[in-house]
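# Working through the structure, step by step
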Amino acid sequence: FPAQGVKIVLFRPRGSFISLRRLLAAGLLFTDTRNPSIESNMQASDRFNINSQLEHLQAKYVGTGHADLTRFEWAVNIQRDSYASYVGHYPMLAYFAIAENESIGRERYNFMQKMLAPCGLPPERDDD
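Rules of the game
Residues numbered from 1 in each chain as written. Predicted model: local features only at pLDDT ≥ 70, side-chain atom pairs only at ≥ 80, totals over all residues. Heavy atoms only, no water. Helix = DSSP H or I, 4+ residues; strand = E, 2+ residues; numbered from the N terminus. Buried < 20%, exposed > 50% of the residue type's maximum accessible area, 1.4 Å probe, protein only. Axes fitted to C-alpha atoms, helices over the stretch in contact; angles between N-to-C directions. Parallel < 35°, antiparallel > 145°, perpendicular 65-115°, else oblique. Left-handed = near helix turned anticlockwise from the far one by under 90°. Contact = heavy atoms within 4.5 Å. Nonpolar A, V, L, I, M, F, W, Y, C, P; charged D, E, K, R; others polar. Phe/Tyr/Trp six-rings, centres within 6.5 Å; stacked < 30°, edge-to-face > 60°. Core = buried A, V, L, I, M, F, W, Y, C linked by side-chain atoms within 4.5 Å.

Our next topic: the overall build of the chain. Summing up its helical and strand segments, the chain has 5 helices and 2 strands in all. Seen in sequence order, the chain has helices and strands lined up from the N terminus as β-β-α-α-α-α-α. Within the chain, buried positions represent 27% of all 128 residues.

Here it is, written out as structure tokens:
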């Protein structure tokens, strides 16, 4: 486990980051130690418990990523999630429509089109 003062961040579906401390506080991760704070000395079983819970959360929610996620795929997930949020929240959609001097329907259409390839074409993979 990292030294005191070092933060671990996890990707959340909404595009923001969350630390292990906030997951523990929210009750999403549990430890078996008497003192559940991050700074306490954790045993190997506690680390395994937290890692298995993190793997479960990452398998349950698509946007949390995985070990083999590339930088491009991560960026695509962030962009698509942002566009989906803009389309799904009418006040944000209206704000963008006013800012770009377009109709709300046109902005919705533009965001839906941008969701197809938000970061351009994927980079070529090296098959090493």
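Moving on: the packing of helix H3 (residues 71-88) against helix H5 (residues 104-114). Running from N to C, H3 and H5 cross one another at 160°; their axes reach a closest spacing of 9 Å. In terms of orientation, H3 and H5 fall into the roughly antiparallel class. The hand of the H3/H5 crossing is left-handed. Residues Tyr 83, Tyr 86 and Val 87 of H3 pack against Arg 108, Phe 111, Met 112 and Lys 114 of H5. Of the residues in the contact of H3 with H5, the class split is 5 nonpolar, no polar and 2 charged.

Once that is clear, we can look at the packing of H3 against helix H4 (residues 90-99). Two numbers describe how H3 lies on H4: the axes approach to 5 Å, and their chain directions differ by 95°. Relative to H4, the element H3 is oriented roughly perpendicular. Taken together, the residues of H4 that come into contact with H3 (itself represented by Tyr 86, Val 87 and Gly 88) are Tyr 90, Met 92, Leu 93 and Phe 96.

Turning to its location among the elements, Ala 84 is positioned in helix H3. Judged by relative accessible area, which is 37%, Ala 84 ranks as partly exposed.

What follows covers the packing of aromatic side chains. Ring pairs (aromatic) are described by centroid distance and by the angle formed between their planes. Taken as a whole, this structure holds 6 aromatic pairs when the rule is applied. Here the aromatic rings of Tyr 83 and Tyr 86 are separated by 6.2 Å at their centres, their planes lie at 75°, and the arrangement is edge-to-face. On the criterion of helical spacing, the pair formed by Tyr 83 and Tyr 86 is a turn pair, its members being 3 residues apart in helix H3. Look at Tyr 83 and you get buried, because its relative accessible area is 12%. Relative to Phe 96, the ring of Tyr 95 lies with its centre 5.9 Å away and its plane at 70°, an arrangement referred to as edge-to-face. Tyr 95 gets classed as exposed once you look at its relative accessible area, which sits at 55%. For Phe 96, a relative accessible area of 19% translates into the label buried. Clustering of aromatic rings is evident, with ring pairs tying together Tyr 83, Tyr 86, Tyr 95, Phe 96 and Phe 111.

Here we take up the nonpolar core. Membership of the largest hydrophobic core is limited to 5 residues, which are Tyr 83, Val 87, Leu 93, Phe 96 and Phe 111. Ignoring any residue separated from it by four or fewer positions in sequence, one finds Tyr 83 in contact with Phe 111, Lys 114, Met 115 and Pro 118.

Take it as geometry only, folks, not as evidence of what the structure does.
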